[in-house]
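Take a look at the letters that make up each chain.
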Amino acid sequence: LRLKRKRPGRRSDPAAIAEAAAAPAPRGPSAAARRRNPFSSLDNAPQRAAAAPPPPPVLPLCCALCCSYIQFLEPACEEKPSRSVEPAESSDILALSKDLHSPLAVPKVPSSPRPEFPADWSIKTRVLFMSSQPFSWAEHLKAQEEAQGFAQHCRATETTLPRSVQEPRLCTELRCAFQQSLVYWLHPSLPWLPLFPRIGADRKIAGKACPWARDEALQQVLMSDWSVSFTSLYNLLRARLCPYFYVCSAQFSVLFRAAGLAGSDVPTAAIAPTTRGLREAMRSEGIEFSLPLLEESRTRKQKNSEESLETETADSLGGGSSAEDAGEPAPSDDDDDGSFSWLEEMGVQDKVKKPDTISIQLRKEKHEVQVDHRPESLVLVRGSNTFTLLNFLISCRSLVAVAGPQAGLPPTLLSPVAFRGGTMQTLKARSISGRARVQGGFEDVFSLEVLGPILPHALHALTLVLGPAQRGAFRALLSPHEPSAAFNTRAAPPQEAVHRDLPACGLHPKTLDQLSQCPTLGKSSIRLLEMKDYAYTWKA
């Protein structure tokens, strides 16, 4: 027999069980009693407290809000690969505030602050400005201020602001200048479709209404209208009434710049990224172009190889090695000139299969093919060849997608000034306030987020407005459109770089002077821009 051991303190006799079952369970006051006396439920609280488990501690409201802000402002650290440093479309931009204010996150910046930051020709998709001063002056513009900002943009009015604005919210000139800096021009205008960026935008456009996808007649109408707008922009650029404009397709982007910008005395056009097929098609149309990044890389490699060869030669001669070993040339892919005379010398010219001409040509161009879809594939067109490029792009089949969500949709035209068929658009701006963790506690953080295709002139115009409004101190996080970062390549050789004054073309004189300088960022773009005491430092 198995004997069950009784647990201490537990009554197991039948009489006790029946007595416990018959006893009524403790109940609180009835609903009617609670309606008569809402506090009657507190009378039995001591008896129920012994049986109920202890509740979790309740924080005061201020502590709960602080905890929520701490969790909300937790930055995206590099140790967590599952999270990205760049905020998503639905996430709040204040998640990066700790990175900006933490002493450990201060990036390496130029040793001495400068009165101006270099021109950045990449298109920004998002810019986050942060400051210890509020941005409340930038929201809820009056109807008259908004209209005045549009009028100043259309008339190319130059706004002069004081060095520091004490009451930004009451300064009408400041608010109108802010509205003026948000304006840009777009073609085509389809409000239900995201028209920038176009590279890699199939997922965003998929599922949208595209009535032209299977209607060839409608596609021809859209393309004809687009060709008129494209030609109008180029004519404005040749007349130096438009400083620059972008052509953004699903495969590549083109930046047209007027003479006098980027240190070039002739109009220029930069295309990135490109493929070998596109470059061959341009060559067949007689368009002369260069690959500045690829040529620069080749020159650098050749210089390094020559220096290493000289070093090895000096070391071998100093160590007593033979001159034959020192003078032996390194193998190179460029030695394949198509000559097979060495096979005849060996007497095996009929036994060895010779590669055909196409294989030899592909071997020579393997370096050029390897840079396809990369920043090094940037193509630079100068002078009168830009007009030939205009006609080539209008008739280029690869300019418009044939299949997929973007099928039949003309490229996007972006310009800082008005043009035929262009639609006025404004960047989206919103201000946010919060608290960020710093050494020794927390501090108030005020942020201004700007979304949209932020062109180079708009970024500089915003800094001209924010400097006086934020008393010469702010930080900016910039999210560039990566394929456009290659546009920061030099548009002219250093020995040919010139600075030519441009007439009034709708930009602020200081902005025009900045864009006239030779690009210095290479294939990178500015990621962090900081103003302190009205001087700039940045990180690319």
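Residues numbered from 1 in each chain as written. Predicted model: local features only at pLDDT ≥ 70, side-chain atom pairs only at ≥ 80, totals over all residues. Heavy atoms only, no water.

In the annotation of an unreviewed UniProt entry, the entry for the protein chain reads DONS protein, and the organism field reads Dicrurus megarhynchus. One UniProt comment on the protein chain, placed under Sequence similarities (unreviewed entry), says "Belongs to the DONSON family." Of the comments in the UniProt record for the protein chain, the one headed Subcellular location (unreviewed entry) reads "Nucleus". (UniProt positions renumbered as here; feature names shortened; annotations may be inferred.)

A. Seen up close, the pattern of salt bridges. Evaluated as defined, the whole model comprises 11 salt bridges. Of the charged contacts in the structure, one is a salt bridge between Asp120 and Lys124, with a shortest N-O distance of 2.7 Å. Of the two residues examined, Asp120 and Lys124, each falls in the buried class. Of the charged contacts in the structure, one is a salt bridge between Arg475 and Glu530, with a shortest N-O distance of 3.3 Å. Placement of the pair is Arg475 in strand β11 (residues 473-480) and Glu530 in strand β12 (residues 528-532), with a sequence separation of 55 residues. Across the pair, exposure class does not vary: Arg475 and Glu530 are buried alike. Through salt bridges with shared partners, one network takes in Arg126, Arg430 and Glu449. (Salt bridge = Lys/Arg side-chain N within 4 Å of Asp/Glu carboxyl O. Buried < 20%, exposed > 50% of the residue type's maximum accessible area, 1.4 Å probe, protein only. Helix = DSSP H or I, 4+ residues; strand = E, 2+ residues; numbered from the N terminus.)

B. Structural detail: the environment of Leu378. Summarising the element assignment, Leu378 is placed in the loop between α15 (366-370) and β6 (379-382). Note on Leu378: relative accessible area 2%, which makes it buried. Each C-alpha atom, one on Leu378 and one on Lys523, is 9.4 Å from the other, the two residues being 145 residues apart in sequence. Each residue touching Leu378, except ones within four places of it in the same chain, is listed here: Ala270, Ile271, Ala272, Ser290, Leu291, Pro292, Leu293, Ala486, Phe487 and Thr489. (Contact = heavy atoms within 4.5 Å.)

C. Just the pairing of strand β5 (residues 268-272), in detail. Where burial is concerned, most of β5 is hidden: 5 out of the 5 residues are buried. Residues Thr268, Ala270 and Ala272 line one face of β5 and the alternating positions Ala269 and Ile271 line the opposite face, and both faces are buried. Both strand β4 (residues 253-257) and β5 contribute to a ladder of 5 bridges, which runs antiparallel. Residue pairing across strands places Leu255 opposite Ala270, the latter belonging to β5. (Pairing = 2+ DSSP bridges.)

D. Geometry of the sheet that holds strand β1 (residues 124-131). Spatially, 6 strands are ordered β9-β10-β1-β11-β12-β13 in an open sheet, and the strand pairing comes out antiparallel. Looking at the sheet topology across the chains shown, the edges are occupied by β9 (428-438) and β13 (535-539). Direction aside, the axes of adjacent strands within the sheet are offset by 20° on average. With 7 bridges joining them, β1 and strand β10 (residues 441-454) adopt antiparallel strand pairing. (Axes fitted to C-alpha atoms, helices over the stretch in contact; angles between N-to-C directions.)

E. Spatial organisation of the pairing of β13. When you tally the buried positions in β13, you get 4 out of 5 residues, the bulk of the element. In terms of strand pairing, β12 meets β13 through 5 bridges, oriented antiparallel. By the bridge assignment, Met531 is partnered in β13 with Tyr536. Between the antiparallel neighbours β12 and β13 lie 2 residues, among them Asp533 with a positive phi of about 55°.

F. Focus on the packing of aromatic side chains. Here the structure, examined in full by the defined rule, presents 12 aromatic pairs. Ring centres of Phe117 and Tyr536 lie 5.1 Å apart, and the angle between their planes is 65°; on these two criteria the pair is classed as edge-to-face. Residue Phe117 is found in the loop between α5 (97-101) and β1, and its partner Tyr536 is found in strand β13; the two are separated by 419 residues along the sequence. Per residue, the accessibility class of Phe117 equals that of Tyr536, and both read buried. On the basis of an interplanar angle of 65° and a centroid distance of 5.9 Å, the ring pair of Phe230 and Phe256 is categorised as edge-to-face. Of this pair, Phe230 sits in helix α9 (residues 216-238) while Phe256 sits in strand β4, and the two are 26 residues apart along the sequence. The class of Phe230 is buried, set by a relative accessible area of 0%. Aromatic ring contacts, followed pair by pair, group Trp226, Phe230, Tyr234, Phe245, Phe256 and Phe387 into a single cluster. Over the aromatic face of Tyr534 sits the side chain of Arg163, whose NZ or CZ is 3.9 Å from the ring centroid. A cation over an aromatic ring shows up here: Arg257 above the ring of Trp121, its NZ or CZ 4.9 Å from the ring centre. (Phe/Tyr/Trp six-rings, centres within 6.5 Å; stacked < 30°, edge-to-face > 60°. Lys NZ or Arg CZ within 6 Å of the ring centre and 35° of its normal.)

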